[in-house]
Amino acid sequence: MLSDLPGESVTVPVDTLTLVAEWHDRREIVWEPLAEVRLGCRRSTGQRHRG
């Protein structure tokens, strides 16, 4: 888990952000996806996208 890492900076590559609704019933936490935002393609340096 990221929370278990020491205080150094961490980079986490992602291609989608998800908005969720969160609730609990005192036994478990539930996340319901509400919307997703796709981010641009991540490319390594020197690579070109061919479309």
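Figured I'd write up the structure that's included with this text. Computed from a prediction, not measured in an experiment: that's the story for all the values here.

So, the overall build of the protein chain
Next, step 1: For the protein chain, the helix and strand inventory stands at zero helices and two strands.
Next, step 2: For the protein chain, with 51 residues in total, the buried portion stands at 0%.
Next, step 3: Pairs at least 24 apart in sequence give 11% of the contacts found in the protein chain among residues at least 6 apart.
Next, step 4: For the protein chain, the exposed surface amounts to about 5500 Å²; the carbon and sulfur share of it is 50%.

Quick word on the pairing of strand E1 (residues 16-24)
Next, step 1: Bridge count between E1 and strand E2 (residues 29-38): nine bridges; the pairing is antiparallel. The partner of Leu 19 across the bridge, within E2, is Ala 35.
Next, step 2: Connecting the antiparallel pair E1 and E2 is a turn made up of four residues, with Arg 26 showing a positive phi of about 70°.

Structural notes on a nonpolar patch on the surface
Next, step 1: On the surface, Val 10, Val 12, Val 14, Leu 17, Val 37 and Leu 39 cluster together into a nonpolar patch covering about 470 Å² of accessible area.
Next, step 2: Note on placement: Val 10 falls in the segment before E1.
Next, step 3: Take Val 10: its relative accessible area is 44%, and that puts it in the partly exposed class.

Concerning unusual backbone geometry
Both trends apply: most residues other than glycine have a negative phi, and most peptide bonds are in trans.
Next, step 1: Positive phi values are uncommon outside glycine, yet Arg 26 reaches one of about 70°.
Next, step 2: Among the structural elements, Arg 26 can be located in the loop between E1 and E2.

So, the pattern of salt bridges
Next, step 1: Tallied over the full model, the rule gives two salt bridges.
Next, step 2: The partner of Asp 25 in a salt bridge is Arg 27, and the shortest N-O contact between them spans 3.4 Å.
Next, step 3: Arg 27 sits in the exposed class, given a relative accessible area of 75%.

Conventions we followed
Along each chain, residues carry numbers from 1 onward, in the same order as the chain's sequence is written. The predicted nature of this model means local features are confined to residues of pLDDT at least 70 and side-chain atom pairs, given and counted, to a pLDDT of 80 or more, with totals for whole chains, interfaces and linings taken over all residues. As a convention, hydrogens and water are excluded, and side-chain values are obtained from all of the structure's heavy atoms. What counts as a helix is a DSSP run of H or I of at least four residues, what counts as a strand is a run of E of at least two, and both are numbered from the N terminus. Only protein chains enter the accessibility calculation, which uses a 1.4 Å probe; a residue is then buried when its area is under 20% of its type maximum, exposed when over 50%, and partly exposed in between. Contacts were defined at the residue level, with two residues in contact if any of their heavy atoms lie within 4.5 Å. Surface exposure here means Shrake-Rupley accessible area, sampled with a 1.4 Å probe, where a residue is shielded only by the protein chains that are shown. Any two strands are treated as partners once DSSP identifies two or more bridges connecting them. Here, patches come from residues exposed beyond 30% relative accessible area and free of salt bridges, joined within 9 Å for like charges and within 5 Å for nonpolar side chains (Val, Leu, Ile, Met, Phe, Trp, Tyr). Throughout this description, the term salt bridge denotes a Lys or Arg side-chain nitrogen within 4 Å of a carboxyl oxygen of Asp or Glu.

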